[in-house]
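Here is how the chains run, residue by residue.
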Amino acid sequence: MRILIIILLHLIILLTHPVFGQYWEKFYGVEETYDYIGSLNKSYDGGYIFGGYSGKYQEIGGTRLYKIDINGDTLWSRSLVLNEIIEMLQFKPTDDGGFIICGIYYLNNKSKPFVSKFNACAEPEWCKIFMSDNHFASGSNLVVLNNGNYMLLLLNMGDLHTEMTFLVKLNQSGELLWGKPVIDHNVYPEAFQPVMTKMIKTTNNEDILVAGNAYWKNPWNEQYVIRPTFAMYDTQGNEKWVTPFGLADTLYGIGSRCMELDSGQFLCTGRHRMYGTILQNGYLILLDSSGVIQDYRIVFPEDINDEWYGLFFDDLQKFDSSIVLNLSYFIAPTVGLVGVINVNDDIFGEEFGVNALELLPDMIYPHMLARDEDKLFYGTQYRLNAYDYDIYLRKMNAMLELDSIMPDTNVYDSLCPHPITYSEIFLDNCDFIDIAYGIEEHRTNHGKTDIFRILVSPNPVSGNMRLSFPDAEINRGVRISIFNAYGQVLESYKLENRQEINHDTGHWPAGLYLVVAFKNGVNIGMCKFIKL
């Protein structure tokens, strides 16, 4: 007989609380604005910082950051401003009390990955935008290494069909150390379009495990189908293993997240897609430390609720004898809602044992699950009307019971000499990096980079521009290229014996431009200028 499922409906909880408001359950957002949460982490002072998208209907939006105390009350919020839309996808605290974020920078309906570091006062220290010929690139995930360096996943970079995902390493100052394709098509010619969206830092040598999906060719025919895919890299970007799930059979789908178990194994989630239909089921996949598949389970709707049409999992957290996952479920083929579920840790046994299930009928995707010791944070969207969505956030224990409001004696933002106010953050110090053309990557691959100075006058410029090159002794074989903000080459010159180039920029649109010097196919110098 199936174990009784405990369904804690949202409205029932509110009505049965002895005193409404004494439990940890909060809403955040701006009136008549579309708000959703992307990521949450604990701050150095015991509070929490989270952020996500915030924008009005048919207007330019962006990222809003919130700092809250231990009871969820807002200490401050700040919005990021950079020409057009900035959307934060991932946030991580840093050892200096600050934080780093990555996401998407939109310009003229085209997107580029960005990453920015902030100090403890939520002031920007540096900002990087990665240039790509692909119009839908993004920075999907990041981790902070023990030495303070950063690893990022960049999506839709390089060739549209092969080099979709890049693993990038930055130092503490945001300088690019290297960028390498994930699941290189030259190594895996049977794999196309790898979209690896999530990664974790393992406890073993800080290896990086990435999860997502790629199209793999069936061994029995020439058809390429999408499959969950997992890969491990060391901190220098060297591949240790790649595991496509279901390659020997007809199990298709998408990989979502992984977590490292005490045993050194990895438990991963995903979506099982039945070929030729829109129906989805949940994947739970167990890998050993070498990437070998140990077990898997497809969780069908009837394992939880006979009336559902489909489901899938995203984030997961392991407790002593149970696992908590956030859950998307379908009450009709195209109508999805969200919740969170606690199941027995014997997930590969005969029955899928459900201990607690929290369904939130007024909430919608996307959603996130974060952990602080023995407590969980679950965040999603609350739909007020067609033009107004708030962020919903709850703090709870492993059995999904709401946490209580606690006495608060913390001193917040103690590393900041002045109060942090509700205000805008102007990211006007962003540098552009072009991985595809080898910019700065040469520093790691070849040990050092020749110093080739490029001077722009005037800067900013509105009409005629003069480029001068003082390092005449190394200009033989040098090509100068000018890129716009989309990574497109506008002009390209061979220097030969010239020490100066004049160019009329009057017909170029206003914005930021990049001048790059190449020698033997690698970057030896670069500078930026602004066109008014």
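Cut-off values and rules
- Residues numbered from 1 in each chain as written.
- Predicted model: local features only at pLDDT ≥ 70, side-chain atom pairs only at ≥ 80, totals over all residues.
- Heavy atoms only, no water.
- Helix = DSSP H or I, 4+ residues; strand = E, 2+ residues; numbered from the N terminus.
- Disulfide = S-S within 2.5 Å.
- Buried < 20%, exposed > 50% of the residue type's maximum accessible area, 1.4 Å probe, protein only.
- Polar contact = N/O pair within 3.5 Å; in protein donor to acceptor, adjacent residues only side chain to side chain.
- Contact = heavy atoms within 4.5 Å.
- pLDDT = per-residue confidence, 0-100.
- Pairing = 2+ DSSP bridges.
- Axes fitted to C-alpha atoms, helices over the stretch in contact; angles between N-to-C directions.
- Phe/Tyr/Trp six-rings, centres within 6.5 Å; stacked < 30°, edge-to-face > 60°.
- Lys NZ or Arg CZ within 6 Å of the ring centre and 35° of its normal.

Undergrad: For this particular structure, what's the right way to read unusual backbone geometry?
TA: Generally, phi is negative for residues other than glycine and the peptide bonds are trans, each holding for most cases. The peptide bond linking Ser457 to Pro458 adopts the cis configuration, its omega dihedral lying at -10°. Inspection of the secondary structure puts Pro458 in the loop between strand E31 (455-457) and strand E32 (464-468). A cis amide bond, omega 5°, links Asn459 with the succeeding residue Pro460. For Ile183, which is not glycine, the phi torsion reads 55° and is therefore positive.

Undergrad: I keep staring at the state of the cysteines and nothing clicks. Help me out?
TA: Here a disulfide denotes one covalent bond, and it connects the sulfur atoms of two cysteines. Under the definition given, this model contains three disulfides. Here Cys127 connects covalently by a disulfide to Cys430, the sulfurs 2.1 Å from one another. Because the sign of the S-S torsion sets the handedness, a value of about 80° for the bond joining Cys127 and Cys430 places this disulfide among the right-handed ones. Here Cys127 is found in strand E9 (residues 124-131), whereas its partner Cys430 is found in strand E30 (residues 430-434), with 303 residues between them in sequence. Residue Cys127 is classed as buried on the basis of its relative accessible area of 0%. Residue classification places Cys430 among the buried residues on the basis of a relative accessible area of 7%.

Undergrad: I tried to follow the side chain of Ser54 on my own but got confused; where do I start?
TA: Counting through the fold element by element, Ser54 comes out in strand E3 (residues 48-55). Within the local environment of Ser54, its side chain forms a polar contact with the side chain of Asp35, the two groups lying 2.6 Å apart. When near neighbours in sequence (up to four residues on either side) are disregarded, Ser54 contacts Val30, Thr33, Tyr34, Asp35, Gly61, Gly62 and Arg64.

Undergrad: So what exactly am I meant to see when it comes to the confidence of the model for the protein chain here?
TA: Reading predicted coordinates in detail is not appropriate for stretches of low pLDDT. This prediction gives the protein chain a mean pLDDT of 84; 86% of its residues lie at or above 70. Low pLDDT, under 50, characterises residues 1-20; the stretch is placed with 42 contacts to residues that sit more than four places away or in other chains. Counting contacts from residues 437-450, a segment whose pLDDT is below 50, to residues more than four positions away or on other chains yields 36 contacts.

Undergrad: Explain the sheet that holds E9 here, please?
TA: Spatially, E6-E7-E8-E9-E30 is the arrangement adopted by the five strands of the open sheet, whose pairing is mixed. Bordering the open sheet on either side are strand E6 (86-93) and E30, each of which pairs with just one other strand. Averaged over all pairs of adjacent strands, the angle between strand axes in this sheet comes to 25°, irrespective of strand direction. Inspection of the sheet shows strand E8 (residues 110-118) paired to E9 by five bridges, in the antiparallel sense. Bridging from a neighbouring strand, Lys117 pairs with Trp126 of E9.

Undergrad: Mind showing me how you'd approach the environment of Ser116 here?
TA: Within the secondary structure, Ser116 is located in strand E8. Residue Ser116 is classed as buried on the basis of its relative accessible area, which comes to 0%. When neighbours within four sequence positions are excluded, Ser116 is seen to be in contact with Phe99, Ile100, Ile101, Pro124, Trp126, Cys127 and Leu427.

Undergrad: It is not clear to me how the environment of Met199 should be interpreted in this structure. Could you clarify?
TA: Its location among the elements puts Met199 in strand E14 (residues 191-201). Classification of Met199 as buried rests on a relative accessible area of 6%. Along the chain, Met199 and Val143 lie 56 residues apart, while their C-alpha atoms are 7.6 Å from each other. Apart from the residues within four sequence positions on either side, Met199 is in contact with Asn141, Leu142, Val143, Met151, Leu152, Leu153, Leu167, Ile208, Leu209 and Val210.

Undergrad: Just to check I follow, could you spell out the packing of aromatic side chains for this structure?
TA: The relative placement of two aromatic rings is captured by the distance of their centres and the angle of their planes. Here the structure, examined in full by the defined rule, presents 23 aromatic pairs. Taken together, a centroid distance of 5.4 Å and an interplanar angle of 85° make the contact between Trp24 and Phe377 edge-to-face. In this pair, Trp24 sits in the loop between helix H1 (10-16) and strand E1 (25-28) while Phe377 sits in strand E27 (residues 375-385), placing the two residues 353 residues apart along the sequence. Assessed through its relative accessible area of 0%, Phe377 is described here as buried. Pairwise contacts between aromatic rings join Tyr34, Tyr36, Tyr53 and Tyr389 into one cluster. Geometry around Trp178 places Lys180 over its ring, the cationic atom sitting 5.0 Å from the centre. One Lys or Arg, Arg371, reaches over the ring of Phe319 and ends 3.8 Å from the middle of that ring.

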